Amino acid sequence: RELWLSQREEFPRARKGTERQPLRLERTKGSEILFGVAPCSLALSRARRDLFRLFLKQSSSRRPVMSEFVLQAAARGVPVLHVQRRELDELCRGHVHQGVCLEATPLRFKGLEDAERSGLGAEASGDRQVIWLVLEQIQDPMNLGALLRSAYFLGVDRVVTSRRNSCPLTPTVSKASAGAMEVFDVYSTDDLQSFLKAKTAEGWEVVGTVSKPEDVEDVPVISCLEFRWDKPLIVVIGSEGEGLSLETQLLCHRMLAIPPGRALHPGIDSLNVSVATGILLHSICSQKRRHGD
């Protein structure tokens, strides 16, 4: 009886010990974990990051998209690990990974001096319509990703962000951008006001954005539907809570507003910053499509 009791007491421990424990993965120093089909696929296809390991969900290996990932990884010499879903969940801290994660070095903002050295600052020469999107203190990674996605889709030539109090280029930004961050360079500046002054001196027009025209002083406010794009253009977008700083507003030639479609109740009288930016960019960039280069 004592032998039987001792075996029964030990049995649960033995059973517990045979359960498969989550895979503990030592991350490469300085790496981050990308997640989602589009960010991982585009990061693999571009030569912008150092790539360390690709993680695929075990039960998804027969899906065509996963087979394509294996081929992409082989072409880049990236090891492939097939792991359980809970291990992917742990790698990306519970974000929606769609069965794939990629360990890679982070992407950084590029300095505006890089644009000048490579000749990108000369885009405005000639008659070509050029549009740059400038972001002042965008802090939400989901908003930043959505802004990059819209800018890329609608034909914005460059995106510049203020370095101070702005969201970095994280895996969440890449996922929210549907991978646009992996193919679209993002520049940053430590002195946004000096940058805007320099572009104005070069003949660019600087327009800001505002949700409540009555809050703007000393700068003309027009509907985005009335705006005509006839010179190199910078569209400046302000932070989620505060909008454009007063210093930046005063450097704008005009402010653009989106006319609402109804009388609005207080408290729901503005748009999400990424939605508003998409509307404004479409209103402006559609003029390029109508008139051509």
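Higher on the page you've got the structure.
Since this is a predicted model, take the numbers as computed values, not measurements. (Residues numbered from 1 in each chain as written. Predicted model: local features only at pLDDT ≥ 70, side-chain atom pairs only at ≥ 80, totals over all residues. Heavy atoms only, no water.)

Asker: Summarise the nonpolar core; cite the residues concerned and give the values.
Answerer: Grouped together as the largest cluster of nonpolar side chains are 33 residues, with contacts concentrated most on Ile131, Leu133 and Val159. Those elements giving two or more residues to this core turn out to be strand 6 (131–135), helix 6 (141–154), strand 11 (233–237) and helix 10 (273–291). For Leu133, the residues in contact, after removing those within four places along its chain, are Ala151, Val156, Arg158, Val159, Val160, Val235, Ile237, Thr277 and Leu281. By size, the runner-up hydrophobic cluster in this structure holds 21 residues, among which are Tyr187, Ile234, Leu251 and Cys252. (Core = buried A, V, L, I, M, F, W, Y, C linked by side-chain atoms within 4.5 Å. Buried < 20%, exposed > 50% of the residue type's maximum accessible area, 1.4 Å probe, protein only. Helix = DSSP H or I, 4+ residues; strand = E, 2+ residues; numbered from the N terminus. Contact = heavy atoms within 4.5 Å.)

Asker: Talk me through the environment of Gly179; I want residue IDs and the actual numbers.
Answerer: Note that Gly179 resides in the loop between helix 7 (171–176) and strand 8 (186–189). Sequence spacing of Gly179 and Leu148 is 31 residues, and the spatial spacing of their C-alpha atoms is 9.3 Å.

Asker: Requested: an account of helix 2 (residues 37–45), with residues and values cited.
Answerer: Of all the positions in helix 2, only Pro39, Cys40, Ala43 and Leu44 are classed as buried. The buried residues of helix 2 occupy one face: seen down the axis, they fall within an arc of 125 degrees. In the core, the buried residues of helix 2 are packed alongside strand 1 (32–35), strand 2 (51–57), helix 3 (64–76), strand 4 (100–104) and helix 7. (Arc of directions from axis to C-beta.)

Asker: Just give me the short version of a negative patch on the surface, but keep the residues and values in it.
Answerer: Together, Glu214, Asp215, Glu217 and Asp218 make up a region of like negative charge exposed at the surface. Examined against the element boundaries, Asp215 turns out to sit in the loop between strand 9 (205–209) and strand 10 (221–223). Given the relative accessible area of 53%, Asp215 is considered exposed. (Patch = residues over 30% accessible without salt bridge, like charges linked within 9 Å, V, L, I, M, F, W, Y side chains within 5 Å. Areas by Shrake-Rupley, 256 points an atom, 1.4 Å probe, with all protein chains shown as cover. Salt bridge = Lys/Arg side-chain N within 4 Å of Asp/Glu carboxyl O. Lys, Arg positive; Asp, Glu negative; His and termini not counted. Charge placed at Lys NZ, Arg CZ, Asp CG, Glu CD.)

Asker: Tell me what's going on with helix 8 (residues 192–201), and back it up with residues and numbers.
Answerer: All of the buried residues along helix 8 are Leu192, Phe195, Leu196 and Lys199. Here the buried residues of helix 8 occupy an arc of 95 degrees about the axis, which is enough to place them on one side. Across from the buried face of helix 8, at angles greater than 90 degrees, the exposed residues are Lys197 and Ala201. Positive phi shows up at Gly203, right after helix 8, with a value of about 100 degrees.

Asker: Describe the sheet that holds strand 6, naming the residues involved and giving the relevant values.
Answerer: What the 8 strands build is an open sheet, ordered 5-8-7-6-11-9-12-10; its pairing is parallel. Edge strands, defined here as strands with exactly one partner in the open sheet, are strand 5 (110–111) and strand 10. Packing of helix 6 onto the sheet brings it into contact with strand 6, strand 7 (158–162) and strand 8, and relative to strand 6 it is tilted by some 175 degrees. (Pairing = 2+ DSSP bridges. Axes fitted to C-alpha atoms, helices over the stretch in contact; angles between N-to-C directions.)

Asker: Now, about the packing of helix 2 against helix 3: what can you tell me, with residues and values included?
Answerer: Direction vectors running N to C along helix 2 and helix 3 enclose 25 degrees, while the axes themselves pass 9 Å from each other. With respect to helix 3, the element helix 2 is oriented roughly parallel. Here helix 2 and helix 3 pass one another in a crossing that is left-handed. Residues Val37, Cys40, Ser41, Ala43, Leu44 and Ser45 of helix 2 touch helix 3, and the partners they reach there are Val65, Phe69, Gln72, Ala73 and Arg76. In the contact of helix 2 with helix 3, the residues fall into 7 nonpolar, 3 polar and 1 charged. (Parallel < 35°, antiparallel > 145°, perpendicular 65-115°, else oblique. Left-handed = near helix turned anticlockwise from the far one by under 90°. Nonpolar A, V, L, I, M, F, W, Y, C, P; charged D, E, K, R; others polar.)

Asker: Now, about the sheet that holds strand 1: what can you tell me, with residues and values included?
Answerer: With mixed pairing, 4 strands are arranged side by side in an open sheet as 1-4-2-3. The open sheet has two edge strands, strand 1 and strand 3 (80–83), and neither has a second partner. Averaged over all pairs of adjacent strands, the angle between their axes in this sheet comes to 25 degrees, without regard to strand direction. The sheet contact formed by strand 2 and strand 4 spans 5 bridges and is antiparallel. Looking across to strand 4, one finds that Leu51 is bridged to Ala104. Sheet strands in contact with helix 2 are strand 1, strand 2 and strand 4, and its direction is about 45 degrees off that of strand 4. Relative to the sheet, helix 3 contacts strand 2, strand 3 and strand 4, its axis offset from that of strand 2 by approximately 165 degrees.

Asker: Tell me about the environment of Ile33, residues and numbers included.
Answerer: In this structure, Ile33 sits in strand 1. Ile33 sits 68 residues away from Cys101 along the chain, and the two C-alpha atoms are 6.4 Å apart. Dropping the residues within four chain positions of it, Ile33 is found in contact with Arg27, Leu91, Cys101, Leu102, Glu103 and Pro171.

Asker: An account of the packing of aromatic side chains is requested, with residue identities and associated values reported.
Answerer: Tallied over the entire structure, the rule returns 3 aromatic pairs. In this structure an aromatic cluster arises from ring pairing among Trp132, Phe195 and Trp204. Directly above the aromatic system of Trp132 lies the positively charged group of Lys199, at a separation of 4.8 Å from the ring centroid. (Phe/Tyr/Trp six-rings, centres within 6.5 Å; stacked < 30°, edge-to-face > 60°. Lys NZ or Arg CZ within 6 Å of the ring centre and 35° of its normal.)

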